[in-house]
Amino acid sequence: MSNCYWHKKLDEESSYLCAFNTPSGRYKFNRMPFGICSASDVAQKMVDDEFSDIPGALAVHDDIIVSGANTEEHDIALEKVLHRARERNIKFNKKKIQLRVTEVKYLGNIVSAKGFTPDPEKIKAIVEMPLPKSKQDLQRPLGMVNYLSQYIPNMSEITAPLRTLLKKDIQWFWHNEHQKALERIKKVLTSSPVLHFYDIDKPVILQVDASQGGLGACLIQEGHPVIYASRSLTNAEQHYAQIEKELLAIVFACERFNQFIYGTQVTVHSDHKPLEAIIAKPLSQAPPRIQRLLIRLQKYHPTVKYVPGKFLFIADTLSRAYLPEEREQQELNEDIEVMVHSMVTAIPASPEKMAELKEETANDETLQQLKQQMVQGWPDRKHEIPQNLATYWNIRHELSEAEGLIFKDHQLVIPTAMRSNMLNLIHESHLGIEKCKARARAILFWPGMSKDIYEKVSKCATCATYRRRNQKEPMIAHPIPERPWQKLGTDLCECKGKNYLVVVDYYSKFIETALLPNKTAGTVIRHLKSIFARHGIPEELVSDNMPFNSKEFDEFAKEWRFKQTTSSPTYAQSNGMSEKAVQTVKRILKKADDPYVGLMEYRNTPVTGMTYSPSQLLMSRTTRTKIPISKELLLPAVPINAQQQLEQRQNQQKQNYDKSTKPLPPLEIGENIHLRQDSIWVPATVSGLAPAPRSYIVTTSDGQQYRRNRRDLLKTNIPPSTIIEQTEDVGEEQPTIIPQPPDLDLQNPPNQG
């Protein structure tokens, strides 16, 4: 039948399942296409429905044989077949019709009046096997005979003349008796009981192998050969990588035995274990030649099983004693090479750059050694390959060669001499490390490429200068004080053009605030004394640097005997308690008609996540406000489990904060880093460690020293532009002090010293 499958019209639902995309649009088959899994069974049923009721007509797929005991009976059956074909609009292929022949090749056998005999093509690989030219050549056919010995009577007698040649003290020669013994072996291998007819109900095994010069295959059922096949490799195929040759052997076997295995599950025995994984991988991830070969295998259902080569006697013998290549195999090779060539020409590079790549690849000793290893095949163990190829071991089955270039899948392997240039091109747009890696991995490969890209980007001065801020680090929470007013936080803020001093208790969250006429150290000290006079002197006061880092304030701390702790400049969140209190005071000042009432209500409102208010935690009582309250609630009462509630609250806050954080590696003294200033990063060197956690003293290229938190320091391998000498003085950016007109203090403190 001509185009048998196309005789079956698809219903609308099935036609949409057979849709496909093309550059010019989307199309669908309206008739059954070749290659789908069910096509073979559907076609057989269709042909049976059309012709099975005609005596003398036997149809298998698209082949119909018409027979008769004599010419008259034959012609009657043929006429019925032709009439049926005309009625059903079935077309035949005129070129393939054989009319009134006494024997015909059908399903791999010769059908004649004598019955079924093997098709010469099935045994051609054995019958025309080249003569052995050495003891090694002779060992292979004898190994195959030994493998099939259970089906060969008098095997020892048949092979005796040949086995004599294998003795160590016998010099190689080939006489008439050896030729007769070889012919007897060929006859035994190509006839019963060794050779069997194909049985559609028995499982099928394909035994395949590829040597340096040829391919061998055998279809086996229940241990008996059914059909042999072999051919030589073309000049181009001989340069394939070994894994490509082994896959080519599977394609050769499947296409040569197509009429036996199409539409059935087939087990393929191969001595190349990586093929098990290659065939299971997505088609898009395969190298170009392997991809093309896998496409040709898609219409079959092979299951590749690894079998050591010492057990593949038949295929191994046929692959080394092969027949000359055939034109159809040359066409297959041309088809594959066209695809490979299209992949090479699709590389977005100028002819000059492509010529340079090919030249440097040819001059690269390691890549040439790699290319030779790919052609010879990889050994079973890593230690058996040269040391300089060890980095290619894990990807050995993804490598291929095309037109003088080496590819890993579709990625071009860059020769050593051009890798520096490729790094410059990859980072030309100054993308980040991960973006550069992703860009390079899509098109290029060389061992250690990711590490080289990391080094390139991390040492790029331009990227370091304009890099984004470091990620947040896990919170280091202040220890919860043992009692109220033990540890305080303080800060200055501005609201509606006025400056305020804000003081907050780390234990009770109780806030004190004062209106400042100016932000000098003396003014701040005077208001702090007023607050301390009411509540007492704390043990520790946490603040930022200005004006709390002044000499006058330092003397105040010593005189009043409290510890002063300052946060790293530009890292105010280390004094987060004060920053939160500043936000609260600003909201009260902006929203409340009377800020005194707002502050009073805040102090009597329970702390978030707790049952006690700041007033209760500080003074063990609730203060009276404008809101009516019973006398019992105004009585003093010591808070119970307040310390436990504070710890639970802090732990929950830390847990929530740490979800999006990541620790930064610590820095060493003398290490080259970049310091964040005015939204850019400038070179600097670590000069020392500050007392606070994750705080460092750094020196810039102009000799200035700064104290900074780890988040404002970028770990880099880029050296500063000049040699930095360490000095003892630590400079701080001085804020501009704007004098404020006198104004009333919210607390009206006395004028002290």
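Our subject is the structure listed above.
Residues numbered from 1 in each chain as written. Predicted model: local features only at pLDDT ≥ 70, side-chain atom pairs only at ≥ 80, totals over all residues. Heavy atoms only, no water.

Sheet architecture is open: four strands sit in the order E13-E14-E15-E16, paired in mixed fashion. This sheet does not close on itself; its edge strands, each paired only once, are strand E13 (399-402) and strand E16 (444-445). Summarising the sheet, strand E14 (residues 405-408) and strand E15 (residues 411-413) pair through two bridges and their orientation is antiparallel. Paired with Lys-408 across the strands is Gln-411, a residue of E15. Each of E13, E14 and E15 touches helix H15 (residues 365-376); the most contacted strand, E13, lies at about 105 degrees to it. (Pairing = 2+ DSSP bridges. Helix = DSSP H or I, 4+ residues; strand = E, 2+ residues; numbered from the N terminus. Contact = heavy atoms within 4.5 Å. Axes fitted to C-alpha atoms, helices over the stretch in contact; angles between N-to-C directions.)

What follows is about the pairing of strand E20 (residues 540-543). Burial of the side chains of E20 extends over both faces: Glu-540 and Val-542 are buried on one face and Leu-541 and Ser-543 on the other. Alignment of strand E17 (residues 487-495) against E20, held across three bridges, turns out to be parallel. Looking across to E20, one finds that Leu-488 is bridged to Leu-541. Direction of pairing for E20 relative to strand E21 (residues 563-566): parallel, over a ladder of four bridges. Note on E21: the bridge partner recorded for Leu-541 is Gln-564. Handedness of the crossover joining E20 and E21 through helix H21 (residues 551-560) is recorded here as right-handed. (Buried < 20%, exposed > 50% of the residue type's maximum accessible area, 1.4 Å probe, protein only. Right-handed = clockwise from strand over helix to strand, strands pointing away.)

A few words now on the packing of helix H22 (residues 576-591) against helix H23 (residues 595-603). At a minimum axis distance of 8 Å, the contact between H22 and H23 shows a crossing angle of 140 degrees. With respect to H23, the element H22 is oriented oblique. Here the hand of the crossing between H22 and H23 comes out right-handed. For the pair H22 and H23, contact is made by Thr-584, Ile-588 and Leu-589 and by Pro-595, Gly-598, Leu-599 and Tyr-602, respectively. (Parallel < 35°, antiparallel > 145°, perpendicular 65-115°, else oblique. Left-handed = near helix turned anticlockwise from the far one by under 90°.)

Hydrogen bonds between backbone atoms are what pair the strands of a sheet, whose relative direction is either parallel or antiparallel. Spatially, the five strands line up as an open sheet ordered E25-E24-E23-E22-E26, and their pairing is antiparallel. The open sheet has two edge strands, strand E25 (705-709) and strand E26 (713-715), and neither has a second partner. Strand-to-strand, the axes of this sheet are offset by a mean angle of 50 degrees, without reference to chain direction. Summarising the sheet, strand E23 (residues 680-689) and strand E24 (residues 695-700) pair through five bridges and their orientation is antiparallel. The residue of E24 that forms the bridge with Thr-685 is Thr-699.

Before going further, it helps to spend a moment on the side chain of Lys-509. You can see Lys-509 is positioned in the loop between strand E18 (498-505) and strand E19 (511-516). Look at Lys-509: it is buried, it has no salt bridge, and the nearest opposite charge is Asp-505 at 7.6 Å. With near-sequence residues (within four places) excluded, Lys-509 lies in contact with Val-504, Met-577, Tyr-602, Val-607, Pro-614, Leu-646 and Arg-649. (Lys, Arg positive; Asp, Glu negative; His and termini not counted. Salt bridge = Lys/Arg side-chain N within 4 Å of Asp/Glu carboxyl O.)

Here we come to the packing of aromatic side chains. Tallied over the full model, the rule gives 14 aromatic pairs. For the pair Phe-51 and Phe-92, a centre-to-centre distance of 6.5 Å together with 40 degrees between the ring planes defines the contact as tilted. With Phe-51 in helix H2 (residues 39-51) and Phe-92 in the loop between helix H3 (71-87) and strand E5 (103-106), this residue pair connects regions lying 41 residues apart in the sequence. Arranged with centres 5.5 Å apart and planes meeting at 55 degrees, the rings of Phe-556 and Trp-560 form a pair that is tilted. Taken together, the residues span about one helical turn, with Phe-556 and Trp-560 both in helix H21 at a distance of four residues. (Phe/Tyr/Trp six-rings, centres within 6.5 Å; stacked < 30°, edge-to-face > 60°.)

Take the pattern of salt bridges next. Taken as a whole and judged by the stated rule, the model has 26 salt bridges. Residue Glu-473 pairs with Arg-694 through a salt bridge whose shortest N-O separation is 3.5 Å. With Glu-473 in the loop between helix H19 (461-465) and E17 and Arg-694 in the loop between E23 and E24, this pair connects stretches of sequence that are 221 residues apart. Note on Glu-473: relative accessible area 5%, which makes it buried.

For the rest of this paragraph, the subject is the pairing of strand E3 (residues 57-60). Taking every second residue as pointing to the same face, the buried face of E3 carries Ala-57 and Ala-59, while none of Leu-58 and Val-60 on the other face is buried. Two strands pair when backbone bridges link them, and E3 and strand E4 (residues 63-66) are joined in this way by four bridges, in the antiparallel orientation. The partner of Ala-57 across the bridge, within E4, is Val-66.

Structurally, Thr-685 is set in strand E23. Thr-685 sits in the buried class, given a relative accessible area of 13%. It is 6.5 Å that separates the C-alpha atoms of Thr-685 and Thr-700, two residues lying 15 residues apart in sequence.

For the rest of this paragraph, the subject is the nonpolar core. Nonpolar side chains tend to gather and get buried jointly when the protein is soluble and globular. Leu-206, Leu-219, Ile-250, Phe-257, Ile-261, Leu-370 and Tyr-392 are the most contacted members of the largest nonpolar core, which has 68 residues in total. Broken down by element, this core gets its largest block of residues, nine residues, from helix H8 (residues 242-256). Apart from the residues lying within four places of it in its own chain, the contact partners of Leu-370 are Trp-378, Leu-389, Tyr-392, Leu-399 and Ile-406. Counting 28 residues, the second-largest nonpolar core is a separate cluster that includes Ala-125, Val-194, Cys-218 and Ile-314. (Core = buried A, V, L, I, M, F, W, Y, C linked by side-chain atoms within 4.5 Å.)

For the rest of this paragraph, the subject is unusual backbone geometry. Following Ser-192, the chain continues into Pro-193 via a peptide bond in cis, with omega recorded as 10 degrees. Relative to the helices and strands, Pro-193 resides in the loop between helix H7 (176-189) and strand E8 (204-210). At Trp-485, a position not held by glycine, the phi torsion is positive, near 60 degrees. Mapped onto the secondary structure, Trp-485 falls in the loop between H19 and E17. For Trp-485, a relative accessible area of 6% corresponds to the buried category.

So, about the side chain of Glu-398. Mapping Glu-398 onto the fold places it in the loop between H15 and E13. According to the relative accessible area criterion, Glu-398 is buried, its value standing at 18%. If near-sequence neighbours (up to four positions away) are discounted, Glu-398 is found in contact with Lys-281, Pro-287, Phe-407, Lys-408 and Asp-409.

Let's shift gears to the state of the cysteines. For the coordinates displayed, the defined rule picks out zero disulfides. The cysteine Cys-463 is free of any disulfide, with Cys-460 supplying the nearest cysteine sulfur at 3.6 Å. Cysteine Cys-493 shares no disulfide, and the gap to the nearest cysteine sulfur, in Cys-495, comes to 6.8 Å. (Disulfide = S-S within 2.5 Å.)

Time to look at helix H18 (residues 449-458). For H18, every residue scored as buried is listed here: Met-449, Ile-453, Val-457 and Ser-458. Down the axis of H18, the smallest arc covering the buried residues is 155 degrees, so these residues share one side. If you follow the buried residues of H18, they end up packed against helix H16 (419-426), helix H17 (433-443), E16 and H19. (Arc of directions from axis to C-beta.)

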